[in-house]
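Spelled out, the chains give:
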Amino acid sequence: MNKKKKPRGEKSSEKRNMRAVFDKREKYGEIGKRMLMINVFAIMSAVLLFCFLFMIENKVIGDRFKAQEYVAENTIHEIGALQEFINEKQLTTKDIDEIDDWVYNRRNVMLIIYDEGKVIYDSTLGKGGQDGLEEENTKLISGENTPENFPHKYTLDFADKTVKIDFISFFDMRARFIYVTFQFCICFLLILIIVLFNVFKMANYYTTLEADARKIEEGDLNHNITVKGYGRLSSVASAMERMRVSIIERHEKENELIESSHNLVMSMSHDLRTPLTILIGYLEILSGKKYKDEETRDVYIDKCKEKAYQIKQLSDRLFEYFLAFSTNEEDLHTQIYDKNVFSELMEDYIFTLNENGFKLDYSKDSGKDYFIALDIQLMRRVMDNLFSNINKYADKDMSVNINVFNNGHQLIFSFSNYIRKNLAEVESTNIGLEVCKKIILRHKGNLDIFKEEGQFKVIIKLPVTRNRAELENEINRNSKKNKPK
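If you're wondering where the values come from, they're calculated on a predicted model, not measured in any experiment. (Residues numbered from 1 in each chain as written. Predicted model: local features only at pLDDT ≥ 70, side-chain atom pairs only at ≥ 80, totals over all residues. Heavy atoms only, no water.)

Participant: It is not clear to me how the overall build of the protein should be interpreted in this structure. Could you clarify?
Facilitator: A count of helices and strands for the protein gives eleven helices and eleven strands. Pairs at least 24 apart in sequence give 69% of the contacts found in the protein among residues at least 6 apart. (Helix = DSSP H or I, 4+ residues; strand = E, 2+ residues; numbered from the N terminus. Contact = heavy atoms within 4.5 Å.)

Written out as structure tokens, the structure is:
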């Protein structure tokens, strides 16, 4: 059976969901790794501290409690305490349970009581475990544990008789227990301090970033985002800082644009007022027939045409300016053309340059056939601007080079000319070139400008293809994408 294919939208939705899951796992995985490293560091630090304290313990406690004078003194003290207990209770050698309770409560002594060579009490058998004395006495009789193998240095006086004892006091056990407990507490406290310090540090960084973001939200773009450390949180802070800087730069550019727009409007209004006032004056003379003769009328008409052209040039400059810096771009009305389109497009411009006395070195594209998608009106505006610049700024005594060729996937234009030396009376705002750049970029091409050693050069690159059907499909896709829903 064939598996039922999922719709493309459902697949893309699943991919987005999976990507979100992986991003979340990556984010929490980063935090988990950070906490794991902190915990490992804390535990290693605690282990090192424990080893150091253990060495101190062996040195201080071991040396003190193993000293013979201390052992003898404390042994006699413990035996004295046991003897006082026996005297107070008037215990006999038959009251072994009372002795067993005393040893159990003491916890740090070992006591063996002998009566006529037999063991009548052995604390090593545990509380209530004196049933094993028969085996101990068997060992004594067989000679495995003869009384001569034990020192029997001490005696105890019971109410009925005096007996010999073996007595060992583990004086250091209590001190060691207290010291080890102290060690564990110190090490646990160290782990807690390290972990809490890093957790509070991370929480404090979160709080700092939140405060920084709030400052930015309130409009204080000069407030720097705090970037420190490594990891995902620092990456987020760095991205926020870059965003802050880009917003500042964009605002600066917008302010510059507003200021330049204001200056341009003021300049244009002044430049337009003068020829417009003169034009209105000539038109009033013509409409009122206040001229002497037909020849004077023709002079006035020529003056009107001159001022009208001057106003048109100023309005064109204003239009080019707003086109260059506008953010709302109209859709391209592209059509498919073959390799002859630019020869036809530039024919009139080439003729005009020849008529104006320029020396042209023009080479047409003689390569293989290709197809290109163009908005012919916008491309005509580009050519009009480039050839207008040649007429205005090029040196007629030097050659103007225009080359057109294609390398199989790009159509390349090259315009180069030497700049005229007496340009004091010619004003340029370079707005026209900005318009050209924008138009070429919208055609997915590039426009590069080079100016060095008195020579000006423009290179335009536009994508071409030999497959007309592929180009038609691309145009259809773009038209559907830009079609309003």
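Participant: What is the right way to look at helix 8 (residues 341–355) in this model?
Facilitator: Quick reminder: α-helices carry 3.6 residues per turn. Residues three or four places apart thus point the same way. In a regular helix each residue adds 1.5 Å, so 15 residues correspond to 21 Å; helix 8 covers 22 Å between its end C-alpha atoms and thus fits that length. If you look at helix 8, its biggest bend is around 40°, right at E347. Within helix 8 the residues assigned to the buried category are V341, F342, L345, M346, Y349, I350 and L353. (Expected span 1.5 Å × (residues − 1). Bend = angle between axes of the 7 residues up to and from the residue. Buried < 20%, exposed > 50% of the residue type's maximum accessible area, 1.4 Å probe, protein only.)

Participant: Got a minute to help me understand the side chain of S123 in this structure?
Facilitator: Turning to its location among the elements, S123 is positioned in the loop between strand 2 (118–122) and helix 4 (133–142). Residue classification places S123 among the buried positions, given a relative accessible area of 15%. In terms of polar contacts, S123 uses its side chain to reach the backbone amide nitrogen of L111, at 2.8 Å. In contact with S123, not counting residues within four places along its chain, are V103, V109, M110 and L111. (Polar contact = N/O pair within 3.5 Å; in protein donor to acceptor, adjacent residues only side chain to side chain.)

Participant: Which parts of the structure should I look at to understand the sheet that holds strand 10 (residues 446–452)?
Facilitator: Strand order in the open sheet formed by five strands is 6-8-9-11-10, and the pairing between neighbours is mixed. Strands with a single pairing partner mark the edges of an open sheet, and in this sheet they are strand 6 (359–363) and strand 10. In this sheet, neighbouring strand axes are inclined to one another by 10° on average, regardless of whether the strands run parallel or antiparallel. Pairing of strand 8 (residues 399–406) with strand 9 (residues 410–418), which is carried by six bridges, proceeds in the antiparallel orientation. Bridge pairing links N403 to S414 in strand 9. (Pairing = 2+ DSSP bridges. Axes fitted to C-alpha atoms, helices over the stretch in contact; angles between N-to-C directions.)

Participant: Help me understand the sheet that holds strand 1 (residues 109–115) in this model?
Facilitator: Sheet strands associate in pairs through backbone hydrogen bonding, adopting either a parallel or an antiparallel arrangement. The sheet built from four strands is open, its strands ordered 2-1-4-3 with antiparallel pairing. Looking along the sheet, the strands with just one partner apiece sit at the ends: strand 2 and strand 3 (154–157). Taking each pair of neighbouring strands and ignoring which way they run, the sheet shows an average axis angle of 35°. Looking at chain direction, strand 1 and strand 4 (residues 162–169) are connected through six bridges and run antiparallel.

Participant: Would you mind going over the pattern of salt bridges with me for this structure?
Facilitator: Two side chains bearing opposite charge may form a pair once their charged atoms approach each other closely. Following the criterion strictly, the structure yields six salt bridges and no others. Taking the shortest distance from any N to any O, the salt bridge between R244 and E241 comes out at 2.6 Å. Taken as a pair, R244 and E241 lie in helix 6 (residues 232–287) at a separation of three residues, close to a single helical turn. E241 carries the same exposure label as R244, and that label is buried. R468 serves as the salt-bridge partner of E472, at 3.2 Å between the closest nitrogen and oxygen. Of the two residues, E472 and R468 both sit in helix 11 (residues 468–482), four residues apart, roughly one turn of that helix. Using a relative accessible area of 35% as the deciding quantity, one classes E472 as partly exposed. Each of the salt bridges in this network shares a partner with another, and the network as a whole consists of E294, R297 and D298. (Salt bridge = Lys/Arg side-chain N within 4 Å of Asp/Glu carboxyl O.)

Participant: Would you take a moment to explain a negative patch on the surface for this structure?
Facilitator: Taken together, D338, E344, E347, D348 and D369 make up a surface patch of like negative charges. Counting residues per element, the negative patch draws most heavily on helix 8, at three residues. Inspection of the secondary structure puts E344 in helix 8. Residue classification places E344 among the exposed residues on the basis of a relative accessible area of 56%. (Patch = residues over 30% accessible without salt bridge, like charges linked within 9 Å, V, L, I, M, F, W, Y side chains within 5 Å. Areas by Shrake-Rupley, 256 points an atom, 1.4 Å probe, with all protein chains shown as cover. Lys, Arg positive; Asp, Glu negative; His and termini not counted. Charge placed at Lys NZ, Arg CZ, Asp CG, Glu CD.)

Participant: Please clarify how the nonpolar core should be interpreted in this entry.
Facilitator: Generally speaking, soluble globular proteins have nonpolar side chains that are buried together. Residues F342, I372, F387, F413, F415 and I460 are the most contacted members of the largest nonpolar core, which totals 38 residues. Of all the elements in the fold, those that place two or more residues in this core are helix 8, strand 7 (371–374), helix 9 (376–393), strand 8, strand 9, helix 10 (431–442) and strand 11 (455–463). It is helix 9 that provides the largest number of residues to this core, a total of eight residues. Other than its neighbours up to four places away in sequence, I372 contacts Q335, I336, Y337, V341, F342, L411, L462, P463, V464 and L471. Ranked by size, the runner-up nonpolar core spans 19 residues in total, among them I79, L91, L111 and I113. (Core = buried A, V, L, I, M, F, W, Y, C linked by side-chain atoms within 4.5 Å.)

Participant: Whenever I open this one, the pairing of strand 4 confuses me. Can you help?
Facilitator: Note on strand geometry: in a regular strand, side chains alternate between the two faces of the sheet. Relative to strand 4, strand 3 is paired through four bridges, and the arrangement is antiparallel. Counterpart to L156 in the pairing with strand 4 is V163. The loop that links strand 3 with its antiparallel partner strand 4 comprises four residues.

Participant: What am I meant to see in the packing of aromatic side chains here?
Facilitator: Aromatic ring pairs: the centre-centre distance and the angle between the two ring planes describe each pair. Tallying each qualifying case throughout the model produces six aromatic pairs. On the numbers, 5.7 Å between centres and 90° between planes, the contact of F387 with F415 is edge-to-face. Taken together, the residues F387 in helix 9 and F415 in strand 9 connect sequence positions 28 residues apart. We classify F415 as buried; its relative accessible area is 3%. Their ring planes at 10° and their centres at 6.4 Å tell us that F413 and F415 sit as a pair that is stacked. The class for F413 is buried, based on a relative accessible area of 1%. (Phe/Tyr/Trp six-rings, centres within 6.5 Å; stacked < 30°, edge-to-face > 60°.)

Participant: Help me understand the confidence of the model for the protein in this model?
Facilitator: Interpreting fine coordinate detail is not advised for predicted regions of low pLDDT. For the protein, the mean per-residue pLDDT works out to 77, and 76% of the residues sit at or above 70. For the protein, the element scoring lowest by mean pLDDT is helix 4, at 54; strand 11 scores highest, at 91. Scored below 50 in pLDDT, residues 141–150 shows twelve contacts in the model against residues more than four places distant or in partner chains. (pLDDT = per-residue confidence, 0-100.)

Participant: Hey, could you run me through helix 9 in this one?
Facilitator: With 18 residues, helix 9 should cover 26 Å at 1.5 Å per step; its first-to-last C-alpha distance of 26 Å lies within 8% of that length. The set of residues buried in helix 9 consists of I376, L378, M379, V382, M383, N385, L386, F387, N389, I390 and Y393.

Participant: I'm lost on the packing of helix 8 against helix 9 in this one. Help?
Facilitator: The geometry of a pair of packed helices is captured by two quantities: the angle between their axes and the separation between those axes. For the pair helix 8 and helix 9, interaxial distance at closest approach is 11 Å and the crossing angle is 25°. Accordingly, the angle class assigned to the pair helix 8 and helix 9 is roughly parallel. Between helix 8 and helix 9 lies a crossing whose hand is right-handed. On helix 9, the residues that touch V341, F342, L345, M346, Y349, I350, T352 and L353 of helix 8 are I376, M379, R380, M383, D384, F387, I390 and N391. Of the residues contributing to the contact of helix 8 with helix 9, the split by class is twelve nonpolar, two polar and two charged. (Parallel < 35°, antiparallel > 145°, perpendicular 65-115°, else oblique. Left-handed = near helix turned anticlockwise from the far one by under 90°. Nonpolar A, V, L, I, M, F, W, Y, C, P; charged D, E, K, R; others polar.)

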